[in-house]
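Given next are the chains, with one letter for each unit.
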Amino acid sequence: MAVQMFHPDPVDQSVTNWSVASRLVGAFAPHAQVMPDMTVALDAGHLLNGSVLTEVAAQSTGTITAPTGNPRIDRIVVNGLTGASAVITGIESATPVPPPIPPGTLPVARVGLTTTTTAIANAAIVDERAMFGLSNAASSAVLCRATLNGANQSFSGSTLTTIAFSATDFNFGNAFDTTNHRFQPSIAGYYDIKAALTYYNVGSTASCHAKLMKGGSVELFSMHSWAVLNASSVSVLLNDIVYLNGSTDYLTVVGYYDGSLSSYVHGASTRTFFSANLLRV
């Protein structure tokens, strides 16, 4: 295909000239619906996540509700990985300000609302697209800390047991699965992994382990252990850097206790936890 030239003349552009610039100029462009209502339309866009180019179709936000007491400014953002839109609701005030931009998202527009707003027109929409912050959005989008949610987890002696992390303090990028107790990010890259297991009722002759498994394999990926010396409790810390492919790879933490007592891992979030952070793609 021949290279086309875009001429920035102030008069109306030809269809041919516009086709050169539309991919950049029109990406996620916010505007009122053809028949204005309480949603905002976003044109098609695209995102580059590391080496993955994601094409995003035109979309509409969810329904925005008008404030009831004072004006409000809402913010429209798109997920830095998927491009899916979301509305961040502001706080009603006589002098409203827009809400913060959540980590892992990119700003698209501000929407000014009053108590009498029944349809969102273009005059209420302020374009604030900043698509060039994508690399920062991607790098900060995978960050999590998982816990046992306060529940102790019992152990049988000499049995590999997956630690059932069932809650998260934060889970940017939604990479930690609390149902299956695994970390499975959608971005390929190198991750800093940390875990702590605090065993109780272990006796004085046993050893306690924390193992990091990749892909659910029984093959050991990383292990830290501690021999108990006349202690009723012991904390085992695990730290490693792991490459995950962003699709099928996942990590679980497995505990192992070779004593004969009814040991358990303490459920307090300060004693037993898992954390992960994307270092680089």
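This text goes with the structure placed above it.
For clarity, every value in this text was computed on a predicted model and none was experimentally measured. (Residues numbered from 1 in each chain as written. Predicted model: local features only at pLDDT ≥ 70, side-chain atom pairs only at ≥ 80, totals over all residues. Heavy atoms only, no water.)

Engineer: So, the overall build of the protein chain: which residues are in play, and what are the values?
Structural biologist: Summing up its helical and strand segments, the protein chain has two helices and 22 strands in all. Here the protein chain holds 281 residues, and 41% of them are scored as buried. Pairs at least 24 residues apart make up 66% of the contacts formed inside the protein chain by residues separated by at least 6 positions. Accessible surface for the protein chain amounts to roughly 14,400 Å². Of this, 56% is attributable to carbon and sulfur atoms. (Helix = DSSP H or I, 4+ residues; strand = E, 2+ residues; numbered from the N terminus. Buried < 20%, exposed > 50% of the residue type's maximum accessible area, 1.4 Å probe, protein only. Contact = heavy atoms within 4.5 Å. Areas by Shrake-Rupley, 256 points an atom, 1.4 Å probe, with all protein chains shown as cover.)

Engineer: Describe the environment of G112, listing the residues and the values that go with them.
Structural biologist: Position of G112 among the secondary structure elements: in strand 8 (residues 105-113). Judged by its relative accessible area of 34%, G112 falls in the partly exposed class. The sequence separation of G112 and P98 amounts to 14 residues, and the corresponding C-alpha distance is 9.0 Å.

Engineer: Would you mind going over the side chain of Q153 in detail, with residue names and values included?
Structural biologist: Here Q153 lies in strand 11 (residues 153-154). Under the relative-accessibility criterion, Q153 is labelled buried at 13%. Polar side-chain contacts of Q153 include one of 2.9 Å to the backbone oxygen of T162. For Q153, the side chain forms a polar contact with the main-chain nitrogen of A164, separated by 2.9 Å. Dropping the residues within four chain positions of it, Q153 is found in contact with L148, T161, T162, I163, A164, Y264 and V265. (Polar contact = N/O pair within 3.5 Å; in protein donor to acceptor, adjacent residues only side chain to side chain.)

Engineer: Summarise the packing of aromatic side chains; cite the residues concerned and give the values.
Structural biologist: Scanning the model with the defined rule gives nine aromatic pairs in all. Residues F176 and F274 carry aromatic rings whose centres are separated by 5.5 Å and whose planes lie at 45° to one another, so their mutual orientation is tilted. With a gap of 98 residues between them, F176 in strand 14 (residues 176-177) and F274 in strand 22 (residues 273-280) connect regions that are remote in the sequence. Each member of the pair, F176 together with F274, is buried. Ring plane angle 50° and centroid distance 5.8 Å describe the contact between F183 and F274, whose orientation is recorded as tilted. A residue pair is termed long-range when its members are at least 10 positions apart, and F183 in strand 15 (residues 182-183) and F274 in strand 22 qualify at 91 residues. (Phe/Tyr/Trp six-rings, centres within 6.5 Å; stacked < 30°, edge-to-face > 60°.)

Engineer: Before we move on, can you summarise the pattern of salt bridges with the specific residues and values?
Structural biologist: The final tally for this structure, using the stated rule, is eight salt bridges. Residues R145 and D169 are paired through a salt bridge, measuring 2.6 Å at the closest nitrogen-oxygen approach. On the criterion of sequence distance, the pair formed by R145 in strand 10 (residues 143-147) and D169 in strand 13 (residues 167-172) is long-range, its members being 24 residues apart. With a relative accessible area of 18%, R145 lands in the buried category. Overlapping salt bridges, with partners in common, bring together R75, R110 and E128 in one network. (Salt bridge = Lys/Arg side-chain N within 4 Å of Asp/Glu carboxyl O.)

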